[in-house]
Amino acid sequence: MRLLLDLARGMLTRRLRQTLVSVTGIALGVAFFIATAAIMRGFQTYFVTQIIDVSPHITIKDETRRPAAQAAELAHPDGAVLVHGVKPRDRVRGIRNAGQKVAILEAMEGVAAAPVLQAQSLLRYGSRDVSAVLTGLEPERHRRVSNIEKDMIAGRLEDLRRSANGIILGEALAWRLGIGLGDTLSAVAPSGTVLSMKVVGLFRTGIQAVDQGHAFALLKVAQVLADRPNVVNQILVRLADVTQAEPLARQIESRFGDRTESWEEQSANILTVFVIQNAIMFSVTGAILLVAAFGIYNVISTVVIEKTRDIAILKSLGFTEGDIQLLFLVQGIVAGLMGAALGCVLGALMIEGLALVRFGVQTPSGQGQFLLDRDVRVYLLASLFALIAAALASVIPARRASRLDPVQVVRGAA
Amino acid sequence: MSGPPLLEARAATRQLAEGVVLVRDVSLAIQPGEFIAVTGPSGSGKSSLLYLLGLLDRPSRGEVMLEGRDTARLPAAELAGLRLAKLGFVFQFHFLLPEFTALDNVLIPIRRLGRLHGAAARDRAMGLLAAFGLADAWQKLPEQLSGGMRQRCAIARALANDPALILADEPTGNLDSANAAGVFDIFERLTREEGRSIVVVTHDASLARRATRQIRLMDGVVVSDQAQG
Ligand SMILES: Nc1ncnc2c1ncn2[C@@H]1O[C@H](COP(=O)(O)OP(=O)(O)OP(=O)(O)O)[C@@H](O)[C@H]1O
Ligand SMILES: [Mg+2]
C-alpha cells in the first residue's frame, strides 16, 4: 500500500498544476457547502427553537378532520352509500368534555395542558374600534404552556384576576386604540354582548400580527363575552420533550377524535421552505463538486494516457489489474482528501469571516448578525461528498488503466 | 543438461483474432543455467515468443509450463504473481519510471513482492546497483543516467526478486557496441555463476554467438535450435 501511495505521488507530481486546480475545485465546493450549511442551519435552528418557544407544541381544536359518520354510512359500512357535502349540525361548537380531557393530558408524564376560548371581538375605546382575537385563559395553567409571561412589558398574567374584567393587550393594539394601562375599554362580541374591561397588562412578542391583534382575558370572562358558557375551543399542550409532539398529537387525535395539530403541522409551511432551502444548498454544492470531479477525472485520465508505458512495465513486473486500478483510485482519493482538508480549513475561515459581518438593520434574531451553526458533522458530510466524488471520478480512468495490455504497449514502444 | 526444465513450451501457437499467426507450434524446454539467444529476421515472431515464455501473453493453443505447471489457464492475477516472483523482463527501451531514482526503480518489484522490508530491501537493491556499476548513481533519476546505465539499471530491476529466468527483448538495440558487450558480459555471469536462465532476442550475430544455445525463428516457426560455444 505504501508502494502504491509512493507511485501515486510520483505520477501526480508530474501534473502538479493540473492536480492543484482540481484540488482547489474540490476545496471550494467543500468550503461553500460548510459555509452555507452554517448559515442555513443556524437560521433554521433559531427559527425552530423560536417556534417551539412561542407556540404550543400541540393544539387540540374544536373540529374533526372528517365529517362525523352519517347514519346512512354507519348502516352500510361496506361503502354502498356515499354521502357528499355533509352540512355540520348546528350544535354548540367547542371541545366536548374539555375539563376531562385536560385532566387526562395533565396526568401524562411531561405534559402540560391548558384550555382556552378564542373568539373574535371588537374593542372600542372612545371613538376607535379595533377588532382583535380575544383569548380566554386560566393564568395558572396557561403559564405552563406559553411563554407569554416573558413578553409582558406591563402587568402580569395574574393581574387578570385582580379586577372584575381585566384585559391584557398587545402593545401595538393598545397604540391603535390609544389606550393605556388602567384605562377601561368596551369589548363587543359578535353576539352583541358588551363588556367593560380594564387594561391590566401589555405585552410585546415582536411578532406584529400578534402584538396588534391579540388580547387576553380570563376564560370565564371570555365565555361570558362570547355568550358561550363553559365552552373551550382549544386545548394548548406543552411537552417536556418536543420531539414527541407529532406522535403524541396523533395519539391524542385518535383517542379524543378532535383535530389535533403538532407544532410541526402548524408550521408546515415554514418547514417546507427549509426543505427547499436545503435542497437548493445541496444542489448548488453538488454542482460545484460535480465540476471539481470532472477536473479530477480529467487529471487522472491524462495521467493514465501519459503513463501508458509505466503502467505496462508495472504490469510486466507483476502488478495485477487490481493493483493498477487501486493505484489510480488512490490518486483520485488523495486529490479528494487534499481538497476536503483544504475545503474544511477554508470553510472554517469563511464561517469566522461571516461571524464578523454586522448588519445595519436588526434581524429577527435581534443580534444584527448571522446565526451560524458550527457542526462537525457538516464538515464530515462535506468531506465524505468530496471523497465520493473524487473516487467516482477516478474509477473510469483507473479501470481503463488496469485493462491496458502490456504486450501492445511494449510492442509499440520497442 | 537434464532434470526437469525450468520453463517448457509445448506446441505453443499464438494466433491473433484476425487469424494472423505470430508463433506456430513452438516446443522448447529451458533448463536452469541456459543462455539462449533467439534470432531471426524482423517480424519472425521473436518478441511474440518471448511474451509467451514470459507469461505476459497466453498461447492460443498448446501449453507453457513453468516448473512443470501449465500456466495457460491460470487467472491473470496469478500470472502476475509468477512474473513478479520468478521472471525478469528487460526490453529494448529501459522503461524506468521517470519520477523515481535508480534505487527506487529497483525497489519497486522488491516492495511489491514484500519478501524483503526496510533495510534488507534497500541492501538488496543497492547490491544489485553496485554489481552493475551504478553504486554512485543510486539517487539519480533515469534522465540523469546514460543509455548504458539506464539499461543496466533496468537489468538490476529485472533481477530484483532473484528470478530464475530472465527474458530480454533486444536489450542492446539502443546501445553502442561497448555497452552492448557489457550487457552480454552481465548475462554470461548471471548464467554461469548464478545459474539463472536467460532468453535474449538479438539481431546481432556476434553477440548471439556468445550464448550457449541459439534458436532461429522464421515466420513464427522454430527453424533451428542448436547448442553452441
Ligand atoms: N497486434 C498485431 N496485429 C497485427 N499484426 C501483428 C500484431 N502484433 C504483431 N504483429 C505482427 O506479427 C509479426 C511478429 O511480430 P513480432 O514482434 O513477434 O516479430 P519480431 O521478430 O519481434 O520482429 P522485430 O525483429 O521487428 O522486433 C510481425 O509481422 C508483426 O507485424
Ligand atoms: Mg521484436
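These remarks concern the structure in this document. (Residues numbered from 1 in each chain as written. Chains lettered and ligands numbered in written order. Predicted model: local features only at pLDDT ≥ 70, side-chain atom pairs only at ≥ 80, totals over all residues. Heavy atoms only, no water.)

**Points about the site of ligand 1**
Stated formally: Working definition: residue near molecule or strand if any one of its non-hydrogen atoms lies within 4 Å of it. Here a polar contact means two N or O atoms within 3.5 Å. Within protein one must be a hydrogen donor candidate and the other an acceptor candidate, and residues neighboring in sequence count only if both atoms are side-chain atoms. Using a 1.4 Å probe, accessible areas were evaluated by the Shrake-Rupley method; residue-level cover was limited to the displayed protein chains. Starting at the N terminus, helices and strands are each numbered in turn, a helix being any DSSP run of H or I of at least four residues and a strand any DSSP run of E of at least two. Three categories are distinguished: nonpolar for Ala, Val, Leu, Ile, Met, Phe, Trp, Tyr, Cys and Pro, charged for Asp, Glu, Lys and Arg, and polar for the others, with Gly belonging to the last.
Within the structure, ligand 1 sits among 13 residues, and Arg411 of chain A together with Ser42, Lys46, Ser47 and Ser48 of chain B are positioned closest to it. Close to ligand 1, residues of chains A and B are found. In the model, an oxygen atom of ligand 1 is placed 3.0 Å from a nitrogen or oxygen of the Gly45 of chain B main chain. Protein chains bury 65% of the 630 Å² of accessible surface belonging to ligand 1 in isolation. Counting residues per element, the shell around ligand 1 draws most heavily on helix α1 (residues 46-53) of chain B, which supplies 3 residues. Residues that form the shell around ligand 1 fall into these classes: 3 nonpolar, 7 polar and 3 charged.

**What to know about the nonpolar core**
Note the threshold: We call a set of buried Ala, Val, Leu, Ile, Met, Phe, Trp, Tyr and Cys residues a nonpolar core when their side-chain atoms join them within 4.5 Å. Whether a residue is buried, partly exposed or exposed follows from its accessible area with a 1.4 Å probe, protein chains only, as a fraction of its type maximum: under 20%, in between, or over 50%, in that order. Working rule for contacts: check all heavy atoms of both residues, and any pair within 4.5 Å makes them a contact.
Grouped together as the largest cluster of nonpolar side chains are 91 residues, with contacts concentrated most on Leu7, Leu314 and Phe328 of chain A together with Leu53 and Val199 of chain B. If you tally residues by element for this core, the top one is helix α14 (residues 321-356) of chain A, at 11 residues. Filtering out sequence-adjacent residues up to four positions away, Val199 of chain B remains in contact with Ile30, Ile36, Val38, Leu50, Leu53, Leu165, Ile166, Leu167 and Ala168 of chain B. Ile58, Ala98, Leu173 and Leu248 of chain A belong to the second largest nonpolar core, which has 65 residues in total.

**Some words on the environment of Leu346 of chain A**
Residue and element names in this part refer to chain A. With respect to the helices, strands and loops of the structure, Leu346 is situated in helix α14. The spatial distance from the C-alpha of Leu346 to the C-alpha of Phe32 is 8.6 Å, given a sequence separation of 314 residues. Excluding its chain neighbours within four sequence positions, the residues that come into contact with Leu346 are Leu28 and Ala31.

**A word on helix α3 (residues 102-113) of chain B**
Every buried residue of α3 of chain B is accounted for by Ala102, Leu103, Asn105, Val106, Leu107, Ile108, Pro109 and Ile110 of chain B. Remark: Gly114 of chain B follows α3 of chain B within two positions and exhibits a positive phi of approximately 75°.

**Concerning the interface of chain A and chain B**
Counted only if it meets this: Throughout, buried area stands for the accessible area (probe radius 1.4 Å) lost by two parts on being put together, summed over both. Think of a salt bridge as a Lys or Arg side-chain nitrogen and an Asp or Glu carboxyl oxygen that are within 4 Å of each other.
Each partner contributes to the interface: chain A provides 24 residues, whereas chain B provides 25 residues. Summed over both partners, the interface of chain A with chain B comes to about 2,400 Å²; 66% of that surface belongs to carbon and sulfur atoms. Here chain A is connected to chain B by 3 salt bridges. Notably, a salt bridge pairs Asp6 of chain A with Arg111 of chain B, separated by 2.9 Å at the nearest N-O pair.

**Focus on the layout of surface pockets**
All names here are of chain A. Cut-off, in case you're wondering: For each structure, a 1 Å grid was placed over the protein atoms alone; sets of points admitting a 1.4 Å probe that cannot get out are labelled cavities, open sets with protein on both sides within 12 Å along at least five of seven lines are labelled pockets, and lining residues have an atom within 4 Å of a point. Grid points are joined across faces, edges and corners, and a volume is the space filled by probe spheres set on the points.
Space inside the largest pocket adds up to approximately 1,100 Å³. As for the largest pocket, its lining consists of 32 residues, and the residues nearest its centre are Val54, Ser55, Thr205, Ile207 and Val210. Put simply, the parts of the chain that give the lining of the largest pocket at least two residues each are α2 (16-54), β3 (128-137), α8 (208-213), β8 (214-218), β9 (234-239) and α11 (263-266). It is α2 that provides the largest number of residues to the lining of the largest pocket, a total of 6 residues.

**Let's talk about the sheet that holds strand β8 (residues 197-201) of chain B**
Residues and elements named next belong to chain B. For the record, the criterion: What makes two strands pair is DSSP finding at least two bridges between them. For every element, the axis is a line fit to its C-alpha atoms; helices are fit only across the contacting stretch, and the angle between N-to-C directions ranges from 0 to 180 degrees.
Reading across the sheet, the 6 strands line up as β6-β7-β8-β3-β9-β10 and stay open at both edges, with mixed pairing between neighbours. Lying at the two open borders of the sheet, with one neighbouring strand each, are β6 (87-90) and β10 (221-227). The mean angle between the axes of side-by-side strands here comes to 15°, regardless of whether they run parallel or antiparallel. Strand direction decides the pairing type here: strand β9 (residues 213-218) and β10, joined by 6 bridges, are antiparallel. The residue bridging Leu217 from the neighbouring strand is Val222, located in β10.

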